[in-house]
Amino acid sequence: MYRIIQESILNVSKYAHAKNCTITIILHNFLELNIIDDGDGFDVNHKKNGIGLINLNERVKSLKGEFKIESVKGKGTKINVMFNLHTLMMNQKYS
């Protein structure tokens, strides 16, 4: 989780030109991480898959989570990461 948050903040800092970035973590039967910025945004259908986004997606996949990006040019970006806690705990047990 630390590396996912770190990479996201780096991307916001380098590319988004955001004034604000909010990170929320919700814990229930799942773990949900949301990183929302008010930066430049981008067209998700025509985005360049930079190494930062590829790394984020690979980290989430390696933990059997779901990774979504919503972004609109000029309106910012929302990154949503979801993990099933049972799956996440089983993954850590056998790592």
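In this text the structure is predicted, and so the values were computed from the model without any measurement.

**Observations regarding the side chain of Ser71**
Locating Ser71 in the fold gives a position in strand S3 (residues 66-72). In this structure the side chain of Ser71 is engaged in a polar contact, spanning 2.9 Å, whose partner is the backbone nitrogen of Phe42. Of note is the side chain of Ser71, whose polar atom sits 3.1 Å from the backbone oxygen of Gly76. In this view, Ser71 contacts Gly41, Phe42, Val44, Gly76 and Thr77; residues no more than four positions away in its chain are not counted.

**What to know about the environment of Val81**
Locating Val81 in the fold gives a position in strand S4 (residues 76-84). Each C-alpha atom of the pair Val81 and Ile54 lies 14 Å from the other, and the pair is 27 residues apart in sequence. Apart from residues lying up to four places away in sequence, Val81 is in contact with Ile4, Leu31, Glu32, Leu33, Val60, Glu66 and Phe67.

What counts and what doesn't
- Every chain is numbered independently, its residues counted from 1 as its sequence is written.
- Residue-level local features of this predicted model are given only where pLDDT is at least 70; pairs of side-chain atoms are given and counted only at 80 or more, and the full residue set underlies all totals for whole chains, interfaces and linings.
- Hydrogens are left out, water is left out, and the side-chain values use all remaining heavy atoms of the structure.
- Secondary structure elements follow DSSP: runs of H or I of four or more residues count as helices, runs of E of two or more count as strands, with numbering from the N terminus.
- Here a polar contact is recorded for every N or O atom pair within 3.5 Å, except that within protein the pair must consist of a potential hydrogen donor and a potential acceptor, and residues adjacent in sequence are included only if both atoms are side-chain atoms.
- Whether two residues are in contact is decided by their heavy atoms: any pair within 4.5 Å suffices.

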